[in-house]
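Chain residues, written in single-letter form:
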Amino acid sequence: MRFITIANSNNGNNYGELWKRVVVRAKNAGSMMMRNTTTTTPRGLGKSANGHRHHQPSTTTKAAAGSNGVAHSSSSSFRIPPGMMKSALTSAGLGIVGDCVAQTLQHQHQRKQQHTSNSFSEKYDYPRTARQSLFNLTFYGPLQHVWYAFLGAKWPTVSGSLAYANIRPFATKVFLNQAALGPVVVACFFAWSQLLTNTFTATSWREKVQRDALPTLQKGWAFWVPASCVNFALVPVNRQVLYMSCCSVVWNCILSQAGNTTKEETRDASKKTKTKKK
């Protein structure tokens, strides 16, 4: 509106005064802009105490750093604990050893019965060993890690001590180890073996559990009760998984034989047991 007034004014003096006002206002606006520019720090730069400018991350950089931090924190929240990974790998390796021992014993027994001299390598079942190792890697090893940590925290004992105060928590852990952990591992291993051999059905798994679970557990109890006594009474908590993993070579051998035993073999074994008792 001021420019319209200026353009329409016939008075030169008034025109000059108005023009001066426009110039003064323009100068004032320019000086204000320069002042804001000098006092406002440019993006990415900051002033230190001595007046020197230093680099500051821009908003985009901060947002990227924040998103990276969120991604890192979310990925770290799903990271497997090193102790659990060590237990899983150790258990997987010992599962291979246990299955090798089981297959060797089974082949020797078959050769004695059939009076043959077939080589061990011709009958060795590599997929069976892989199934055993994967079961220990993905289930049994991590389960052991969590289980023994829970038992140690819930019923702590003084390692290396046979004091009276240790008897109750020691007996509780030995009982739970055989009454709770053993049946779960046996039942899950039977299902695992059938799933990976494409023979799993609810009926076949139930029959397998009813037929072979108790004999397998009985063999396990005969071995694990003395081993568990030594474990909970004398072995430190941070070494219990390693100790039990070493002992589990025998248990893996028992599991491997039970998981790969057919109905006919179980029937023949039970007949032989009854004959020996008579």
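Structure's up top.
Treat the numbers as computed from the prediction; the structure is a model and nothing was measured. Residue numbers restart at each chain and count upward from 1, following the sequence in its written direction. Confidence filtering applies because this is a predicted model: local features only for residues at pLDDT of at least 70, side-chain atom pairs given and counted only at 80 or more, and all residues used for totals across whole chains, interfaces and linings. Side-chain numbers come from the whole structure's heavy atoms, not from hydrogens or water.

**Notes on the nonpolar core**
To be explicit about the condition: The definition of a nonpolar core used throughout is a set of buried Ala, Val, Leu, Ile, Met, Phe, Trp, Tyr and Cys residues joined through side-chain atoms within 4.5 Å. Classification of residues uses two cut-offs on accessible area relative to the type maximum, computed with a 1.4 Å probe and protein chains only: under 20% is buried, over 50% is exposed, and between them is partly exposed. Only DSSP runs of H or I covering at least 4 residues are called helices, and only runs of E covering at least 2 are called strands; the numbering of each starts at the N terminus. For this analysis, residues touch if any pair of their heavy atoms sits within 4.5 Å.
Ranked by size, the top nonpolar core spans 22 residues in total, and within it Tyr 148, Val 185, Val 186, Trp 224 and Trp 251 carry the most contacts. Secondary-structure elements contributing two or more residues to this core are α6 (126–154), α7 (167–196), α8 (202–234) and α9 (237–259). The residues touching Val 185, leaving out its near neighbours within four places in the chain, are Phe 135, Tyr 140, Leu 143, Trp 251 and Leu 255.

**Considering the packing of aromatic side chains**
Pairs of aromatic rings are described using the distance from one ring centre to the other and the angle between the two planes. Put simply, the rule is: Pairing of aromatic side chains requires ring centres within 6.5 Å, counting the rings of Phe and Tyr and the six-membered ring of Trp. Pairs whose planes differ by under 30 degrees are stacked, by over 60 edge-to-face, and all others tilted. Two limits define a charge over a ring: the Lys NZ or Arg CZ must be within 6 Å of the ring centre, and within 35 degrees of the ring normal.
The tally for this structure, following the rule as stated, stands at nine aromatic pairs. Taking the centre distance of 6.0 Å and the plane angle of 85 degrees together, the rings of Phe 150 and Trp 155 count as edge-to-face. The class of Phe 150 is partly exposed, set by a relative accessible area of 41%. What makes Trp 155 partly exposed here is its relative accessible area of 24%. Members of the aromatic cluster, each reached through a chain of ring pairs, are Phe 135, Phe 139, Tyr 140, Phe 189 and Trp 192. The ring of Phe 190 carries Lys 208 above its face, with NZ or CZ at 5.1 Å from the centroid.

**So, the packing of helix α4 (residues 82–114) against α6**
Let me state the cut-off plainly: Fitting a line to C-alpha atoms yields each axis, with helices limited to the stretch in contact; the angle taken between N-to-C directions then spans 0 to 180 degrees. Relative orientations are named as follows: roughly parallel for angles under 35 degrees, roughly antiparallel for angles over 145 degrees, roughly perpendicular for angles from 65 to 115 degrees, and oblique for any other angle. Left-handed is the label given to a crossing in which the near helix is rotated counterclockwise from the far helix by less than a right angle, and right-handed is the label when the rotation is clockwise. Three residue categories are used. Nonpolar comprises Ala, Val, Leu, Ile, Met, Phe, Trp, Tyr, Cys and Pro, charged comprises Asp, Glu, Lys and Arg, and polar comprises the others, including Gly.
Packing of α4 against α6 brings their axes to within 7 Å, and their N-to-C directions diverge by 140 degrees. Relative to α6, the element α4 lies oblique. For the pair α4 and α6, the sense of crossing is right-handed. Looking at the contact of α4 with α6 residue by residue, the classes come out as 10 nonpolar, 13 polar and two charged.

**Focus: a nonpolar patch on the surface**
Heads up, the rule is: Within this analysis, patches are made of residues with over 30% relative accessible area and no salt bridge. Like charges are joined at 9 Å or less; nonpolar side chains (Val, Leu, Ile, Met, Phe, Trp, Tyr) at 5 Å or less. Each accessible area is a Shrake-Rupley result for a 1.4 Å probe, and residues are judged covered by the shown protein chains and nothing else. Salt bridges are counted wherever a side-chain nitrogen of Lys or Arg sits within 4 Å of a carboxyl oxygen of Asp or Glu.
Together, Ile 80, Met 85 and Leu 89 line one region of the surface with nonpolar side chains, adding up to about 270 Å² of accessible area. Residue position: Leu 89 is located in helix α4. For Leu 89, a relative accessible area of 52% corresponds to the exposed category.

**Concerning the side chain of Ser 256**
Mapped onto the fold, Ser 256 is located in helix α9. On the basis of relative accessible area, Ser 256 is assigned to the buried category, the value being 0%. Among all residues touching Ser 256, those that are not within four sequence positions of it are Asp 99, Ala 102, Arg 128, Gln 132 and Phe 189.

**Quick word on α7**
Here is the rule: Here the expected span of a helix is defined as 1.5 Å times the quantity of residues minus one. Each residue is assigned a bend, namely the angle between axes fitted to the seven residues that terminate at it and the seven residues that start at it.
Taking 1.5 Å per residue as the helical rise, α7 with its 30 residues ought to reach 44 Å, and the 42 Å between its terminal C-alpha atoms agrees with that figure. At Leu 181, α7 shows its maximal kink, close to 30 degrees; a proline, Pro 183, follows between one and four residues later. Two residues or fewer after α7 comes Asn 198, characterised by a positive phi angle close to 60 degrees.

**Examining the environment of Trp 205**
As for its placement among the helices and strands, Trp 205 is situated in helix α8. C-alpha of Trp 205 to C-alpha of Ala 191: the two residues are 14 residues apart in sequence and 6.2 Å apart in space. The residues touching Trp 205, leaving out its near neighbours within four places in the chain, are Ala 187, Phe 190, Ala 191, Gln 194 and Phe 200.

**Focus: the environment of Gln 194**
Within the fold, Gln 194 resides in helix α7. Leave out the neighbours within four places in its chain, and Gln 194 touches Thr 199, Phe 200, Thr 201, Ser 204, Trp 205 and Lys 208.

**A few points about the side chain of Thr 129**
Relative to the helices and strands, Thr 129 is located in helix α6. A residue is classified by how much of its surface remains accessible, and Thr 129, at 7% relative accessible area, is buried.

**A closer look at the pattern of salt bridges**
In this structure the tally under the stated criterion is three salt bridges. Among the salt bridges present, the one from Arg 128 reaches Asp 99, with a minimum N-O distance of 3.0 Å. On the criterion of sequence distance, the pair formed by Arg 128 in helix α6 and Asp 99 in helix α4 is long-range, its members being 29 residues apart. Overall, Arg 128 belongs to the buried group, its relative accessible area being 7%. Each of Lys 208, Arg 211 and Asp 212 takes part in a single network of salt bridges with overlapping partners.

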